[in-house]
Amino acid sequence: MKKILIIQTAFLGDVILATPVVSELKRIFPSASIDFLLKEGNQSLLHNNPHLNEVIVFNKKKGKYRAIFKLIKQFRNTKYDLVINLHRFGSSGIIAGLSGGKSIIGFKKNPYSFLYSQKFKHEIGNGTHEVERNLSVIHHLGAVSLKRPELFPSEINFAAVKKYINQDYVCIAPASVWFTKQTPINKWIELINSLKNSTTIYLLGGPSDFQLSEEIASQSKNNNVQNLAGKLNLLESAALMKTATNNFVNDSGPLHIASAMNANVTAFFCSTTPLFGFGPLSENSKIIEVINLDCRPCGLHGHKECPKGHFNCGNQLKL
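Criteria and cut-off values
Residues numbered from 1 in each chain as written. Predicted model: local features only at pLDDT ≥ 70, side-chain atom pairs only at ≥ 80, totals over all residues. Heavy atoms only, no water. Salt bridge = Lys/Arg side-chain N within 4 Å of Asp/Glu carboxyl O. Helix = DSSP H or I, 4+ residues; strand = E, 2+ residues; numbered from the N terminus. Buried < 20%, exposed > 50% of the residue type's maximum accessible area, 1.4 Å probe, protein only. Contact = heavy atoms within 4.5 Å.

Asks: Just to check I follow, could you spell out the pattern of salt bridges for this structure?
Replies: Pairs may arise between side chains of opposite charge once their charged atoms sit close together. In total, this model carries 10 salt bridges according to the counting rule given. With its nearest N and O atoms 3.6 Å apart, the salt bridge here joins Lys196 to Asp168. Taken together, the residues span a long stretch of sequence, with Lys196 in the loop between helix 7 (185–194) and strand 8 (200–203) and Asp168 in the loop between helix 6 (155–161) and strand 7 (169–173) at a distance of 28 residues. Of the residues examined, Lys196 reaches a relative accessible area of 54% and is grouped as exposed. Arg296 is paired through a salt bridge with Glu289; the nearest N and O atoms lie 2.7 Å apart. Judged by relative accessible area, Glu289 falls into the partly exposed class, the value being 26%. In the salt-bridge network here, residues are joined through shared partners; they are Glu24, Arg27 and Lys147.

The structure is reproduced here in structure tokens:
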């Protein structure tokens with residue numbers, strides 16, 4: 001096996017949960033050249049990954065189908081021995097199916113899986129972790145069943161956050177793309193107020209999360225809260241989370257960053273459930289959720305508002 005391509009063009013967390021496939025393939029085929037296709041905006045996650053030859057970006061800004069056929073042409077010229085598509089939706093299926101790879105494998109759920117050499121089940125809801133599902137597509141090649149994800153912050157990334165690190169600090173990532181996957185603001189404030197006054201609290205997130213973090217910080221009674229949303233890149237955030245006393249996250253990307261760094265983590269699940277397979281994989285992890293709600297889970301992903309109007313899966317969380 002000389003040339004391998006892995007495709008995962010979904011969200012930040014999905015890319016992180018695909019990294020065990022990268023490391024396992026490199027273990028099994030140490031001399032192979034492994035490339036990774038992801039969507040624009042996620043490429044920094046794979047910086048410094050020693051197992052990868054090239055990170056290729058799917059950039060749809062100049063037209064989705066133009067980008068698809070450009071990638072197909074590129075991949076046909078590369079002549080991959082193995083193409084693995086971990087994404088379950090159409091665009092990636094077209095790219096994988098027409099890539100010209102000698103062997104093309106992925107999940108049956110993809111609408112273009114009829115173009116694959118081998119297809120595998122992807123079952124959600126039975127407690128199987130997404131990492132296990134991803135690794136199942138290369139189990140026949142000798143892959144293990146479960147392995148922690150990996151990120152590789154550089155010395156520069158660690159140096160950038162050194163000034164924030166002390167003996168007792170926690171990181172909180174309060175935001176989510178979906179309202180019903182986001183712990184309510186009052187719960188974050190309650191959590192912050194419950195921490196020791198000597199504990200430093202860092203609020204993490206992207207630039208779009210700054211105002212939410214600012215609102216939380218301004219309403220809390222703890223004077224040691226610092227809003228770092230938008231001030232750290234993804235690998236700097238990972239470096240800071242690594243040695244935190246604890247990291248408090250939603251069912252979202254920062255949860256998987258914590259897993260990749262084997263960082264202490266407490267994950268809040270509101271409208272979704274760990275049974276979907278996206279729970280923490282850190283050695284020291286805790287899940288907080290509201291049990292026995294008839295309306296929970298209300299979907300695989302989140303919603304922009306609670307379908308029932310009460311959002312009890314968030315409002316009834318016990319911190």
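From this point on, the discussion continues.
Asks: Even after reading the chapter, I still don't get the environment of Val22, so can you show me in this structure?
Replies: Secondary-structure assignment places Val22 in helix 2 (residues 19–28). A residue is classified by how much of its surface remains accessible, and Val22, at 0% relative accessible area, is buried. Through-space distance from the C-alpha of Val22 to that of Glu236 is 22 Å; in sequence the pair is 214 residues apart. Beyond its immediate chain neighbours, meaning those up to four positions away, Val22 contacts Ile6, Ile34, Phe36, Asn49, His51 and Leu52.

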